[in-house]
Amino acid sequence: MSLPSIPALLADKNATFWFPPRASTFAEENDVFFMYILYISIFFFVLVVAGMIYCMIKFRRRPGYKGDSTALHNNLLEITWSVIPTLVVCWIFARGVYGYIDMMRPPANTIDINVTARKWDWSFQYPNGAISDQLHIPNNRAIKLRMRSEDVLHSFYVPAFRAKTDVVPGRVNTMWFQPILEGEYDLFCAEYCGDQHSEMIKRHGVVVHDLEGYEAWLANAAKAPVNPVAHGFWLYERMGCKSCHSVEPGKKIVGPSFAGTFGVDFESSKGTTLKFDEQYIRQSILEPQAEMRKGYETASQMPSFQGKLKEDEITALTAFIQELKNEAFVEALADGTLTDDEKQTLGIADPAPEESAPAEDAKSE
């Protein structure tokens, strides 16, 4: 069995020894520039080490050899080793500025996507209002991300795109790129953001479609399920709930698990006994710190969803959490998804759209 190379352990399957696939227009310039700097560094490393070895051998202490105690000086040599490295550094700086300016100037007609970073997940909102926890984009179209953080400093990084930008709380940071290769790529938070920082690594977190595939995905993603339980699960995936609350019984991520908790009494951090019911769920969504469970006082604070969720969406989330008392439902969610067959079995699938009457029937009527 062959051992994987180092880049494969860190990000997408590498296309070369050094790099993952070149999946954006930035990648070639980035990789070529990296190799130039690597070759220059190797050249000067070999040159300096070879000179040191030469001097060590030539001027070593030995019988009959007497060194010169005065300082020697060679103007031509001093100028050469000062001017040439300076010119190389200036060229590296100029080339770096050229690439940086290109990455800071998005072209016209970009597809603008809003990105929200929060502990410990990403959320993407598209021009038609669709929301997902994966970034879906079309191939060969310029994409501009408008990014903000709800809590601490994060950093959006897709190695295959060679694109990375910090996401700073209280600011809107933008970045752009143009994908050139269809596929699924890993997404990282490249800034340590807390004790669950590794949870923000999203394998296959970026999906590059062809244009038709992207438009089909976008149209479907904007349609929330009608069934309240399925709608609640749809929101649970997209609004960042799953990054802190598990649906596996007893599994703690940041906050308590939702599985089997509806209708159960618990002790709050204030020492009172409360019931995990519709009223408590609503209060926890709108005022998360009002009544916390005992034992979770020092956990990362949940942000308020006041103004972010409509009443029908809170109702749907409540229905979803209530359904988690059903063992069959919890078992179906064990792999983190709900297939259409599972929805049918559980009775939470939306009714099939009614087919339009044939034209002849319409005429006869």
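- You'll find the protein entered in an unreviewed UniProt entry as Cytochrome c oxidase subunit 2, with Aureliella helgolandensis given as the organism.
- For the protein, the Catalytic activity (unreviewed entry) comment in UniProt is given as "4 Fe(II)-[cytochrome c] + O2 + 8 H(+)(in) = 4 Fe(III)-[cytochrome c] + 2 H2O + 4 H(+)(out)".
- Regarding the protein, the relevant UniProt record gives this comment under Function (unreviewed entry): "Subunits I and II form the functional core of the enzyme complex. Electrons originating in cytochrome c are transferred via heme a and Cu(A) to the binuclear center formed by heme a3 and Cu(B)."

1. Remarks on the domain arrangement of the protein
Turning to step 1, where the next piece is worked out: Splitting the protein by domain gives domain 1 (11–56 + 78–223) and domain 2 (228–346).
Turning to step 2, where the next piece is worked out: Listed by partner, the interface residues are 12 residues for domain 1 and 13 residues for domain 2.
Turning to step 3, where the next piece is worked out: Here domain 1 packs against domain 2, burying approximately 1100 Å² in sum over the two surfaces, 49% of which is carbon and sulfur.
Turning to step 4, where the next piece is worked out: Remark: the boundary between domain 1 and domain 2 carries two salt bridges.
Turning to step 5, where the next piece is worked out: For Lys 242, the salt bridge goes to Asp 133, with nearest N and O atoms at 2.7 Å.

2. A look at the UniProt feature "domain: Cytochrome c" (unreviewed entry) in the protein
Turning to step 1, where the next piece is worked out: Using the residue numbers shown here, the UniProt feature "domain: Cytochrome c" (unreviewed entry) corresponds to residues 227–325.
Turning to step 2, where the next piece is worked out: Regarding residues 227–325, the helix share stands at 33% and the strand share at 6%, and the terminal C-alpha atoms are separated by 17 Å.

3. Things to note about the environment of Ser 123
Turning to step 1, where the next piece is worked out: Mapping Ser 123 onto the fold places it in strand E2 (residues 121–125).
Turning to step 2, where the next piece is worked out: Linking Ser 123 and Glu 237, residues 114 residues apart in sequence, is a C-alpha distance of 9.5 Å.
Turning to step 3, where the next piece is worked out: Ignoring anything within four residues of it in the chain, the contact list for Ser 123 reads Asn 114, Val 115, Thr 116, Arg 118, Ile 131, Ser 132 and Arg 238.
Turning to step 4, where the next piece is worked out: Of note is the side chain of Ser 123, whose polar atom sits 3.4 Å from the backbone oxygen of Arg 238.

4. Quick look at the packing of aromatic side chains
Turning to step 1, where the next piece is worked out: Scanning all chains against the criterion turns up 18 aromatic pairs.
Turning to step 2, where the next piece is worked out: Measuring from ring centre to ring centre gives 5.5 Å for Trp 122 and Phe 156, while their planes differ by 85°; the resulting arrangement is edge-to-face. Highlighted residues: Trp 122 in strand E2 and Phe 156 in strand E6 (residues 154–158), separated in sequence by 34 residues. Summarising the burial analysis for this pair, Trp 122 and Phe 156 share the class buried.
Turning to step 3, where the next piece is worked out: Between Phe 161 and Phe 177 the ring centres are 4.8 Å apart and the planes differ by 35°, which places this aromatic pair in the tilted class.

5. Quick word on the environment of Met 147
Turning to step 1, where the next piece is worked out: Tracing the chain through its elements places Met 147 in strand E5 (residues 143–149).
Turning to step 2, where the next piece is worked out: Its relative accessible area of 0% is what places Met 147 among the buried residues.
Turning to step 3, where the next piece is worked out: Spatially, the C-alpha atom of Met 147 lies 9.1 Å from that of Thr 165, the residues being 18 residues apart in sequence.
Turning to step 4, where the next piece is worked out: Those residues in contact with Met 147, other than ones at most four positions away along the chain, are Val 115, Phe 156, Thr 165, Asp 166, Val 167, Arg 171, Val 172, Asn 173 and Met 175.

6. Regarding the sheet that holds E6
Turning to step 1, where the next piece is worked out: Strands sit in the order E4-E10-E9-E6-E7 across an open sheet of five strands; the sheet is mixed. Each end of this open sheet is capped by a strand with a single partner; those strands are strand E4 (135–138) and strand E7 (163–167). Looking at each pair of strands side by side, their axes are set apart by 25° on average, direction ignored.
Turning to step 2, where the next piece is worked out: Here helix H4 (residues 211–221) sits on the sheet in contact with E4 and strand E10 (202–209), set at roughly 140° to E4.

7. Structural notes on the sheet that holds strand E1 (residues 111–118)
Turning to step 1, where the next piece is worked out: Taken in spatial order, the five strands make up an open sheet running E3-E2-E1-E5-E8, and their pairing is mixed. Single-partner strands in this sheet number two, and they are strand E3 (131–132) and strand E8 (173–177).

8. Description of the side chain of Ser 132
Turning to step 1, where the next piece is worked out: Note that Ser 132 resides in strand E3.
Turning to step 2, where the next piece is worked out: Overall, Ser 132 belongs to the buried group, its relative accessible area being 4%.
Turning to step 3, where the next piece is worked out: Separated by 3.0 Å, the side chains of Ser 132 and Tyr 126 make a polar contact.
Turning to step 4, where the next piece is worked out: If we ignore the near neighbours within four places in the chain, the residues touching Ser 132 are Trp 122, Ser 123, Phe 124, Tyr 126, Trp 217 and Arg 238.

9. A look at the UniProt feature "domain: Cytochrome oxidase subunit II copper A binding" (unreviewed entry) in the protein
Turning to step 1, where the next piece is worked out: Mapped onto this structure's residue numbering, the UniProt feature "domain: Cytochrome oxidase subunit II copper A binding" (unreviewed entry) falls at residues 108–220.
Turning to step 2, where the next piece is worked out: Counting secondary structure, residues 108–220 comes out at 9% helix and 50% strand; the distance between its end C-alpha atoms is 27 Å.

10. Let's talk about the pattern of salt bridges
Turning to step 1, where the next piece is worked out: Following the criterion strictly, the structure yields 18 salt bridges and no others.
Turning to step 2, where the next piece is worked out: Across the pair Arg 22 and Asp 31 runs a salt bridge, and its minimum N-O distance is 3.0 Å.
Turning to step 3, where the next piece is worked out: A salt bridge links Glu 291 to Lys 270; the nearest nitrogen and oxygen atoms lie 4.0 Å apart. Of this pair, Glu 291 sits in the loop between helix H6 (278–286) and helix H7 (311–323) while Lys 270 sits in the loop between strand E11 (265–267) and strand E12 (273–275), and the two are 21 residues apart along the sequence.
Turning to step 4, where the next piece is worked out: For Glu 291, a relative accessible area of 18% puts it in the buried group.

11. Notes on the packing of helix H5 (residues 228–238) against H7
Turning to step 1, where the next piece is worked out: Packing of H5 against H7 leaves a shortest axis separation of 7 Å and a crossing angle of 100°. It follows from the interaxial angle that H5 and H7 lie roughly perpendicular. Residue-level contacts link Pro 228, Val 229, His 231, Gly 232, Phe 233, Leu 235 and Tyr 236 of H5 to Asp 312, Glu 313, Ala 316, Leu 317, Ala 319, Phe 320 and Glu 323 of H7.
Turning to step 2, where the next piece is worked out: Broken down by class, the residue content of the contact of H5 with H7 amounts to nine nonpolar, two polar and three charged.

Cut-offs applied
Residues numbered from 1 in each chain as written. Predicted model: local features only at pLDDT ≥ 70, side-chain atom pairs only at ≥ 80, totals over all residues. Heavy atoms only, no water. UniProt positions renumbered as here; feature names shortened; annotations may be inferred. Domains from an automatic or database assignment. Contact = heavy atoms within 4.5 Å. Buried area = accessible area lost by both parts, 1.4 Å probe. Salt bridge = Lys/Arg side-chain N within 4 Å of Asp/Glu carboxyl O. Helix = DSSP H or I, 4+ residues; strand = E, 2+ residues; numbered from the N terminus. Polar contact = N/O pair within 3.5 Å; in protein donor to acceptor, adjacent residues only side chain to side chain. Phe/Tyr/Trp six-rings, centres within 6.5 Å; stacked < 30°, edge-to-face > 60°. Buried < 20%, exposed > 50% of the residue type's maximum accessible area, 1.4 Å probe, protein only. Pairing = 2+ DSSP bridges. Axes fitted to C-alpha atoms, helices over the stretch in contact; angles between N-to-C directions. Parallel < 35°, antiparallel > 145°, perpendicular 65-115°, else oblique. Nonpolar A, V, L, I, M, F, W, Y, C, P; charged D, E, K, R; others polar.

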